[in-house]
Amino acid sequence: MSTDNRFVFPDVLIERIRTAVKIAVMTGAGTSAESGIPTFREAQTGLWSRYRPEDLATPQAFARNPGLVWQWYTWRRELICSANPNPGHFALARMEKLIPKLMLITQNVDGLHQQAGSGQITPIIELHGNIHRTKCFEHGHPEGQWEVRGQELPTCPICDSLLRPDVVWFGESLPSDALAAAWNAARTAEIFFSIGTSALVEPAASLPHITRQAGGRVVEINPNETPLTPYADFILRGFAGEILPELVKAAWN
Ligand code: OAD
């Protein structure tokens, strides 16, 4: 057991990390919790506690009341713009430079991994889009503009349809290129880290099982149990912002 950290990491895990060529990491909202961004399903502060998902994060909700949806996403974006990457984000960015191939898959739309320096060697796989980007509602024309001024909702300069945040809504398909890249990462990874996710939302929740079925090992980093826990080879019970820097220290310092 490596005991020179506050966390005791099994030696076999440290050895596997040190010798692995391909490691997949999937992050969820819990990875940004220590940056002050509420997660989705933690009732006391969760993003959904203010609204119901079906009232906000669906194409039908946007068609019904685009102003309300823009209001929620503007609130979320302002929250995100005031947040900074936390030590967990920086540890993952460091791991990308220490591991031959670290494939970072994120369900988060906050862009904090990029801000922390991840994605400089291997592109980040954004399964659910990115809140800092917009696209048009009718045709998906990409558009960088974001600001919503008063009641005037932004429209697409190409087709004049309303612009919307470039994030995946309930009932929508994930970006096909991102999904294919995530599938491939899970299939080829020797170790799959599931960090800060409740492992409830498909198809992301299936990814660690693809690694298992291909003979890889699964590590879960989460203060709480999830449906993935019984299948994890290693369970690091705690906060990502504390565990990840200690893990980097234990494996490479
Ligand atoms: P959830 O809110 O469902 O789960 C957050 C997870 O993070 C929980 O399991 C917490 O126990 C854990 N957690 C909280 N603080 C943590 C910390 N400091 N370190 C590590 N883990 C911590 O968020 P997601 O699993 O990301 O989809 O939700 C998945 C998807 O559901 C989201 O991407 C979103 C939502 O609907 C879309 O928007 C399409």
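Owing to the predicted nature of the structure, the values given are computational and were not obtained by experimental measurement.

Q: Which residues make up the confidence of the model for the chain, and what are the values?
A: Residues at a pLDDT of 70 or more form 94% of the chain, whose mean pLDDT is 92. Per-element averaging of pLDDT across the chain places helix H3 (residues 53-56) at the bottom with 78 and strand S7 (residues 191-195) at the top with 99.

Q: Please provide a residue-by-residue account of unusual backbone geometry, values included.
A: Each neighbour pair has its own omega, and for Glu-202 with Pro-203 the value is 0°, a cis peptide bond. By secondary structure assignment, the location of Pro-203 is in the loop between S7 and helix H9 (207-213). Unusually for a residue other than glycine, Asp-160 sits at a positive phi of about 70°. Tracing the backbone shows Asp-160 in the loop between strand S5 (142-143) and strand S6 (163-167). The phi dihedral of Ala-199 is positive, around 55°, even though this residue is not glycine.

Q: Describe the site of the ligand, with residues and values.
A: Close to the ligand lie 23 residues; Ala-29, Arg-41, Thr-197, Ser-198 and Asn-222 are nearest. Between the ligand and the protein, one listed contact pairs an oxygen atom with a backbone N or O atom of Ala-29 at 2.7 Å. In the complex, the protein chains occlude 94% of the 790 Å² of accessible area that the ligand would expose alone. In this structure, the ligand is accommodated by the largest pocket. Partitioning the shell around the ligand into residue classes produces 10 nonpolar, 10 polar and 3 charged.

Q: Please set out helix H1 (residues 11-19) residue by residue, giving values where relevant.
A: Along an α-helix, residues three or four positions apart point the same way, because every turn accommodates 3.6 residues. Of all the positions in H1, only Leu-13, Ile-14 and Ile-17 are classed as buried. Looking down the long axis of H1, one finds its buried residues gathered within 100° of arc, a one-sided arrangement. Summarising the contacts, the buried residues of H1 are in contact with strand S1 (22-27), S7, strand S8 (217-221), strand S9 (234-236) and helix H10 (240-252).

Q: Tell me about the layout of surface pockets, and name the residues and values.
A: Space inside the largest pocket adds up to approximately 890 Å³. Every residue lining the largest pocket is counted, 47 residues in all, and those nearest its centre are Gly-28, Ala-29, Phe-40, Arg-41 and Ser-198. At the level of elements, helix H2 (30-33) and helix H5 (66-81) are the ones that each hand at least two residues to the lining of the largest pocket. Residue classes in the lining of the largest pocket are distributed as 23 nonpolar, 16 polar and 8 charged. Every element with two or more residues in the lining of the second largest pocket is listed here: strand S3 (125-126), strand S4 (129-136), S6 and helix H8 (176-188). Split by residue class, the lining of the second largest pocket holds 7 nonpolar, 3 polar and 6 charged.

Q: Provide a residue-level description of the sheet that holds S3, including the pertinent values.
A: In spatial order, the strands read S3-S2-S1-S7-S8-S9; together these 6 strands make up an open sheet with parallel pairing. The outermost strands of the open sheet, each flanked by one partner alone, are S3 and S9. Relative to S3, strand S2 (residues 101-106) runs parallel, the two being bridged by 2 bridges. Looking across to S3, one finds that Thr-106 is bridged to Glu-126.

Q: Quick rundown of the nonpolar core? Include the residues and the values.
A: Grouped together as the largest cluster of nonpolar side chains are 29 residues, with contacts concentrated most on Phe-193, Ile-221 and Leu-244. For this core, the secondary-structure elements that each account for two or more residues are H1, S1, helix H6 (87-98), S2, S7, S8, S9 and H10. For Ile-221, the residues in contact, after removing those within four places along its chain, are Phe-193, Ser-194, Ile-195, Gly-196, Leu-236, Gly-238, Ala-240, Ile-243 and Leu-244.

Q: Explain the pairing of S4 to me, using residue names and the numbers behind them.
A: Strand direction decides the pairing type here: S4 and S6, joined by 4 bridges, are antiparallel. Counterpart to Lys-135 in the pairing with S6 is Arg-164. The sheet contact formed by S4 and S5 spans 2 bridges and is antiparallel. Opposite Thr-134, over in S5, you have Glu-143 as the bridge partner. Hairpin geometry of S4 and S5 is characterised by an intervening segment of 5 residues between the two adjacent antiparallel strands and by a positive phi of about 75° at Gly-140.

The rules behind these values
- Residues numbered from 1 in each chain as written.
- Predicted model: local features only at pLDDT ≥ 70, side-chain atom pairs only at ≥ 80, totals over all residues.
- Heavy atoms only, no water.
- pLDDT = per-residue confidence, 0-100.
- Helix = DSSP H or I, 4+ residues; strand = E, 2+ residues; numbered from the N terminus.
- Near = heavy atom within 4 Å.
- Polar contact = N/O pair within 3.5 Å; in protein donor to acceptor, adjacent residues only side chain to side chain.
- Areas by Shrake-Rupley, 256 points an atom, 1.4 Å probe, with all protein chains shown as cover.
- 1 Å grid on protein atoms, 1.4 Å probe; cavity = no way out; pocket = protein on both sides within 12 Å on 5 of 7 lines; lining within 4 Å.
- Sits in = over half its atoms within 2 Å of the grid points.
- Nonpolar A, V, L, I, M, F, W, Y, C, P; charged D, E, K, R; others polar.
- Buried < 20%, exposed > 50% of the residue type's maximum accessible area, 1.4 Å probe, protein only.
- Arc of directions from axis to C-beta.
- Contact = heavy atoms within 4.5 Å.
- Points joined across faces, edges and corners; volume = space filled by probe spheres on them.
- Pairing = 2+ DSSP bridges.
- Core = buried A, V, L, I, M, F, W, Y, C linked by side-chain atoms within 4.5 Å.

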